[in-house]
Number of protein chains: 2
Amino acid sequence: MDASTTESHPFDRAMALAPQTPAPGADGMLRLDGRTSADYANMVGPYGGITAAQALQAVLLHPARLGEPVAFTGNFAAALADGDFCVDVQPARTNRSTQHWLVTTRQAGAVVFTATVVTARRRDTWGATDARMPTAPPPDELPPMPPLPHPRWLARYDMRWIEGAMPRTWDGTEHPDSLTRLWVRDAPPRRLDFPGLLALCDVFYPRVWLRRATLTPIGTVSFTVYFHAGAEDLAVVGTGHLLAEARAQRFHQGYFDQSGALWRRDRTLLATTHQLVYYRE
Amino acid sequence: MDASTTESHPFDRAMALAPQTPAPGADGMLRLDGRTSADYANMVGPYGGITAAQALQAVLLHPARLGEPVAFTGNFAAALADGDFCVDVQPARTNRSTQHWLVTTRQAGAVVFTATVVTARRRDTWGATDARMPTAPPPDELPPMPPLPHPRWLARYDMRWIEGAMPRTWDGTEHPDSLTRLWVRDAPPRRLDFPGLLALCDVFYPRVWLRRATLTPIGTVSFTVYFHAGAEDLAVVGTGHLLAEARAQRFHQGYFDQSGALWRRDRTLLATTHQLVYYRE
């Protein structure tokens, strides 16, 4: 049986959010209940890509939503605890073809995550891709990353390293650059959709670990995804691998940035993604 | 007289926000009144970099603010009209060394701009810069862009093109890439600070205009800046030029992205910046 066609995929279970009321309030606010997923557990709390995808999912579930997501920025305000959370989602402004959303995720009344999302109705226009997809051997010619018992979310992605794999020894040897390239898809395979693609954009292990071969504590503080594809473009992927790459630009006084891109095998750029990450030393 | 040492600089006048109450409310919310600046007028309404800088300024003026800005994302929900606006600024979460802010700018009660801002106390850590500043002739060897009467905000920046200047003729000739490099500073010169740097991050004219030599209508929908520098690093700039560069990655169905970087002359990376921009055809 193809796991991608059932509702039993761990990702879909993680995306299950239950509206507290049948309809949004007068201000458009809808509150949904969710629960962190043990399948996507990180060192502490859940994998950040899942927390972000849940915020996007809340927007997608809102009955007044217009169009498809084009821009997402989420801010990790505090480490999530394993357990229940609620998501408040509200349209801040609705225009003719675009809509601006505010999302706030809380645990025990305290804000743990905030996001702003732009959705839009796309139209055909002139188009071009200036970025170039790197050449790489096809995913079936590369070995999958061996399963690691911990953290659990790693087992939810099939990763095939092309360049910049996780260091094997944490001996403090400086790596000359911070570039990682890999083929990646959900494990078990799952048909790509917007929440799935958003979560994949956070799949890169911390650039500072690669650069320094040192396991310094880290935490993403802000995470942005620009979608360059509509639902039909994602459907073409099916359950196939994406080529994903990311690199840092500067590490300075406790914060580094990371910029990445995710490509379909036919060289279509699906998303670009950026984040700012805290590191301790 | 050095305009940078007076309070009469147009940028400082644009940043003037008046709190409606002497202190924030019980929820930490502070409301400030502002007015768009004719000095920074764009084709319609104000230059987007100024609207974003005003949102950051509201955070900097909040009495409970902790540390310096590290990440900023602003969403342009609607075209601002010339005239009054108010900014609501509220800390969503305050941690030991980081703070998460929500900012909403309204005109006549309607949301026109939203932002999330992360501020943090920085500490000395290991550091490195992976991105490379391009080589370029010094700014004094390049001619400033000739003054254009319209839009007015262009006269507020001293721009010296290195590569990818604004097309001279709008004849639809496709340009092979979307890269622009320039030296830039405020005009008249002004000492660099966080709002000033944020506004500079929006200084690139639309990549789609360069790529196509066609004046299609455009509008930034989401704008992110990561600060890689503290106030002391900005102070070193004084009123000097920054090297700024930006390029697009994909233009698709009405939206393109842009990634950029701003450098101090001594090759210190001060900020990286990203935006998603709507274009009409």
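Above this text sits the structure in question.
Within each chain, residue numbers correspond to sequence positions counted from 1 in written order. Chains carry letters and ligands carry numbers; both start at the beginning, A for chains and 1 for ligands, and go up in the order they are written. For a predicted model such as this one, the threshold for reporting local features is a pLDDT of at least 70, and the threshold for listing and counting side-chain atom pairs is 80 or more; totals across whole chains, interfaces and linings nevertheless cover every residue. Side-chain metrics in this entry use all non-hydrogen atoms of the structure; hydrogen atoms and water are not considered.

Asker: Looking at this structure, how should I read the overall build of chain A?
Answerer: Regarding its fold elements, chain A presents five helices and 13 strands. It is over C-alpha atoms that the radius of gyration is taken, and the globule rule equals 2.2 Å times the number of residues to the power 0.38. Compactness check: chain A gives a C-alpha radius of gyration of 18 Å against a globular reference of 19 Å for 281 residues, within 12% of the reference. Seen through its principal axes, chain A has C-alpha atoms that stretch 55 × 45 × 40 Å. Residues classed as buried in chain A amount to 61% of the 281 residues present. Here a residue-residue contact requires only that any non-hydrogen atoms of the pair lie within 4.5 Å. Partitioning the contacts of chain A with sequence separation of at least 6, the portion at a separation of at least 24 is 70%. For every accessible area listed, the method is Shrake-Rupley and the probe measures 1.4 Å; residues are considered covered only by the protein chains on display. Surface summary for chain A: the accessible area is close to 10900 Å², and the carbon and sulfur share equals 51%. Charged-residue counts in this description rest on Lys and Arg as positive and Asp and Glu as negative, His and the chain ends being excluded. All charge positions are set by atom: Lys at NZ, Arg at CZ, Asp at CG, Glu at CD. Seen as two clouds, the 28 positive and the 28 negative side-chain charges of chain A have centres 3 Å apart. Helical segments are the DSSP runs of H or I of at least four residues, strand segments are the runs of E of at least two, and each set is numbered from the N terminus. Relative accessibility thresholds used throughout: buried, under 20% of the residue-type maximum; exposed, over 50%; partly exposed, between the two (1.4 Å probe, protein chains only).

Asker: What should I look at first to understand the relation of the copies chain A and chain B in this one?
Answerer: The operation relating the pair of chain copies consists of a rotation about an axis and a translation along that axis. The superposition of copies rests on a least-squares fit of C-alpha positions from residues with pLDDT of 70 or more in both. Note on the identical chains: chain A maps onto chain B by a rotation of 180° and an axial translation of 0.0 Å, with an RMSD of 0.0 Å. Read as a symmetry element, the transformation amounts to a two-fold axis. Looking at the interface residues of chain A, 100% of them are also at the interface in chain B, so both copies use one shared face.

Asker: Looking at this model, I keep getting lost on the pattern of salt bridges. Mind explaining?
Answerer: For side chains bearing opposite charge, pairing can occur when the charged atoms are close. Residue and element names in this part refer to chain A. In what follows, salt bridge is the name for a side-chain nitrogen of Lys or Arg lying within 4 Å of a carboxyl oxygen of Asp or Glu. Under the criterion given, the structure shown has 30 salt bridges over all chains. Residue D39 is joined to R152 by a salt bridge in which the shortest nitrogen-to-oxygen separation is 3.4 Å. Pair noted here: D39 is in the loop between β2 (30-35) and α2 (48-61) and R152 is in the loop between β7 (128-129) and β8 (157-163), with a separation of 113 residues, a long-range link.

Asker: I keep staring at the interface of chain A and chain B and nothing clicks. Help me out?
Answerer: By convention, interface size is frequently given as the accessible area that disappears when the constituent parts associate. In this complex, chain A contributes 63 residues to the contact, which on the side of chain B involves 63 residues. A buried area of about 5500 Å², summed over both sides, lies between chain A and chain B, and 53% of it is on carbon and sulfur atoms. Here the quantity called buried area is the total loss of accessible area, with a 1.4 Å probe, experienced by two parts when brought into contact, counted for both. Contact with chain B buries surface across chain A, with A:W126, A:R250 and A:Q253 losing the most and accounting together for 14% of the total. Taken together, the links from chain A to chain B amount to two salt bridges. One salt bridge in this structure joins A:R211 and B:D130, with 2.8 Å as the shortest N-O distance. Polar contacts, as counted here, are pairs of nitrogen or oxygen atoms within 3.5 Å of one another; within protein the pair requires one atom able to donate a hydrogen and one able to accept it, and residues that are adjacent in sequence qualify only if both atoms are side-chain atoms. Between chain A and chain B we count 50 residue pairs in polar contact (both at pLDDT 80 or more) in total. Under the scheme applied, nonpolar residues are Ala, Val, Leu, Ile, Met, Phe, Trp, Tyr, Cys and Pro; charged residues are Asp, Glu, Lys and Arg; polar residues are all the others, including Gly. A class-by-class count of the residues in the side of chain A that touches chain B yields 26 nonpolar, 23 polar and 14 charged.

Asker: Quick question: what am I supposed to make of the environment of A:R123 here?
Answerer: One can find A:R123 in the loop between β6 (110-120) and β7. A relative accessible area of 45% places A:R123 in the partly exposed class. When the C-alpha atoms of A:R123 and A:A58 are compared, they prove to be 24 Å apart, with 65 residues separating the residues in sequence. When near neighbours in sequence (up to four residues on either side) are disregarded, A:R123 contacts B:Q253, B:G254, B:Y278 and B:R280.

Asker: Whenever I open this one, the environment of A:E281 confuses me. Can you help?
Answerer: Here A:E281 shows up in the segment after β13 (269-279). Along the primary structure A:E281 and A:I218 are separated by 63 residues, whereas in three dimensions their C-alpha atoms are 9.3 Å apart.

Asker: Which parts of the structure should I look at to understand the packing of aromatic side chains?
Answerer: Two numbers describe a pair of aromatic rings. These are the distance of the centres and the angle of the planes. Residue and element names in this part refer to chain A. The pairing test for Phe, Tyr and Trp rings, Trp by its six-membered ring, is centres within 6.5 Å, and the orientation test on the planes gives stacked under 30 degrees, edge-to-face over 60, and tilted for anything in between. One pass over the full model with this rule turns up 30 aromatic pairs over all chains. Ring centres 5.3 Å apart and planes at 85° place the aromatic pair F194 and F227 in the edge-to-face group. Placement of F194 in helix α3 (residues 194-200) and of F227 in strand β10 (residues 218-227) is noted, with a sequence separation of 33 residues between them. Linked through ring pairs, F11, Y40, Y47, W153 and Y157 together constitute an aromatic cluster. Over a ring means this: the NZ of a Lys or the CZ of an Arg is within 6 Å of the ring centre and within 35 degrees of the ring normal. Above the face of the Y205 ring, R207 is positioned so that its terminal group lies 4.9 Å from the ring centre.

Asker: So what exactly am I meant to see when it comes to the pairing of strand β8 (residues 157-163) of chain B here?
Answerer: On a regular strand, one side chain projects to one face of the sheet and the next to the other, so that they alternate. Residue and element names in this part refer to chain B. β8 sits mainly inside the fold: five of its seven residues count as buried. One requirement defines pairing of two strands: DSSP has to find at least two bridges between them. Both β8 and strand β9 (residues 180-186) contribute to a ladder of six bridges, which runs antiparallel. Bridge pairing in β9 links E163 to R181.

Asker: Before we go on, may I ask you to explain the side chain of B:T216 in this structure?
Answerer: Residues and elements named next belong to chain B. Within the secondary structure, T216 is located in the loop between α4 (207-212) and β10 (218-227). Looking at T216, its side chain comes within polar contact range of the main-chain nitrogen of E281, at 3.4 Å. Excluding anything up to four places from it in sequence, T216 contacts V208, W209, Y279, R280 and E281.

Asker: Quick question: what am I supposed to make of unusual backbone geometry here?
Answerer: Generally, phi is negative for residues other than glycine and the peptide bonds are trans, each holding for most cases. Put simply, A:A187 and A:P188 share a cis peptide bond, and its omega is -5°. Residue placement: A:P188 occurs in the loop between β9 (180-186) and α3. In this structure, the amide linkage connecting B:H150 to the following residue, B:P151, adopts the cis form with an omega of -10°. Relative to the elements of secondary structure, B:P151 occurs in the loop between β7 (128-129) and β8. A positive phi angle, close to 50°, is found at A:A108, a residue other than glycine. Looking at the element boundaries, A:A108 is found in the loop between β5 (98-107) and β6. Overall, A:A108 belongs to the exposed group, its relative accessible area being 90%. Phi is positive for B:R267, which is not a glycine, with a value near 75°.

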